[in-house]
Every structure is written in C-alpha cells, then in structure tokens.
Amino acid sequence: MDVLLLALEAGAALAALLAAWLWYLAGQRPQRRVSRHERLDAADINRLVVGMNRSNLLNRRAALATAVSSALVALRFAAGLFAG
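Here the structure is a predicted model, which means the values were calculated and not measured.

A.B. asks: Just give me the short version of the overall build of the protein chain, but keep the residues and values in it.
C.D. replies: When helices and strands are tallied, the protein chain shows 2 helices and 0 strands. Taking 84 residues into account, the globule formula puts the C-alpha radius of gyration at 12 Å, and the protein chain, at 20 Å, lies well above it. Projecting the C-alpha coordinates of the protein chain onto the three principal axes gives extents of approximately 65 × 15 × 15 Å. With 84 residues in all, the protein chain has 19% of them scored as buried. Restricting the contact set of the protein chain to residue pairs at least 6 apart, pairs at least 24 apart contribute 80%. Where the 10 positive side-chain charges of the protein chain centre and where its 5 negative ones centre are 8 Å apart.

A.B. asks: Account for helix H2 (residues 42–83), naming residues and giving values.
C.D. replies: The terminal C-alpha atoms of H2, which comprises 42 residues, lie 61 Å apart, in line with the 62 Å expected from a rise of 1.5 Å per residue. The complete set of buried residues in H2 reads Asp44, Leu48, Ser55, Leu58, Ala62, Ala65, Ser69, Leu72 and Ala79.

A.B. asks: Tell me about the pattern of salt bridges, and please be specific about residues and values.
C.D. replies: Taken as a whole and judged by the stated rule, the model has 2 salt bridges. In this structure, Asp44 engages Arg47 in a salt bridge whose closest nitrogen and oxygen atoms are separated by 2.4 Å. Of this pair, Asp44 and Arg47 both sit in helix H2, 3 residues apart, which is roughly one turn of the helix. Residue class for Asp44 comes out buried when judged on its relative accessible area of 10%.

A.B. asks: Break down a nonpolar patch on the surface for me, with residues and values.
C.D. replies: Nonpolar side chains collect at one region of the surface, where Val34, Leu40, Ile45, Val49 and Met52 lie side by side and expose about 380 Å² of accessible area between them. In this fold, Met52 is placed in helix H2.

Conventions we followed
Once a new chain begins, its residue numbering starts again from 1 and follows that chain's sequence as written. For a predicted model such as this one, the threshold for reporting local features is a pLDDT of at least 70, and the threshold for listing and counting side-chain atom pairs is 80 or more; totals across whole chains, interfaces and linings nevertheless cover every residue. In computing side-chain values, all of the structure's heavy atoms are included and hydrogens and water are not. Numbering goes from the N terminus for both helices and strands, where a helix is a DSSP run of H or I of at least four residues and a strand is a run of E of at least two. For a compact globule the rule gives 2.2 Å times the number of residues to the power 0.38, and the radius of gyration it is set against comes from C-alpha atoms. Categorising residues by exposure relies on relative accessible area from a 1.4 Å probe, with only protein chains included: less than 20% of the type maximum marks a residue as buried, more than 50% marks it as exposed, and the intermediate range marks it as partly exposed. Every residue pair with non-hydrogen atoms within 4.5 Å of one another is taken to be in contact. Two residue types count as positive, namely Lys and Arg, and two as negative, namely Asp and Glu; His and chain ends fall outside the count. Just so you know, the charge point we use is NZ for Lys, CZ for Arg, CG for Asp and CD for Glu. For a helix, the expected span equals 1.5 Å multiplied by the residue count minus one. A carboxyl oxygen of Asp or Glu within 4 Å of a side-chain nitrogen of Lys or Arg is what we treat as a salt bridge. Exposure above 30% relative accessible area and the lack of any salt bridge qualify a residue for a patch; like charges then connect within 9 Å, and the nonpolar side chains Val, Leu, Ile, Met, Phe, Trp and Tyr within 5 Å. Using a 1.4 Å probe, accessible areas were evaluated by the Shrake-Rupley method; residue-level cover was limited to the displayed protein chains.

Without other data, these values stay purely geometric and don't point to any function.
Following this line, the structure appears as structure tokens:
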C-alpha cells in the first residue's frame, strides 16, 4: 500500500509541474498589439489567429494536467483513508 501512496504522490507532483510548465509556455509569447490606425493584411490576421490558437492549445493542456493532478491528490487522500 505504501508503494501505491508514493506513486499517487509522485504522479500528482509531476502533473502539477507539467501544468505549471504549460501555463508558463502559454504566457511566454505575448500577442501582438494592433493599432486602430493600422491596416491589417492576411498575413497579420494569420499571425494573430495562429498565436491565439497556440495559446489556447497550451492552456487546454495545462488545464487537463491540473485536473489529472487534482484527481491524483484526491485518490491519494482516499487511499490514505482506506489504508489506515
């Protein structure tokens, strides 16, 4: 049972670190600001859309890693209640 508890704790810690790293990556590239006086062409719009899509993808992955971490912590607490 000790091995199971240790595995749950290690998994939760790794998932939390993964979530933190993914959120760091998502926030690392700021979006390009556009002036209202500026004329946008197709390349500008494409860069903006690609940047937003990449940020959204990293945020979704970070949220999933956070959910996994929370689930592992909950399982660790449940296993600790039933073990002792």
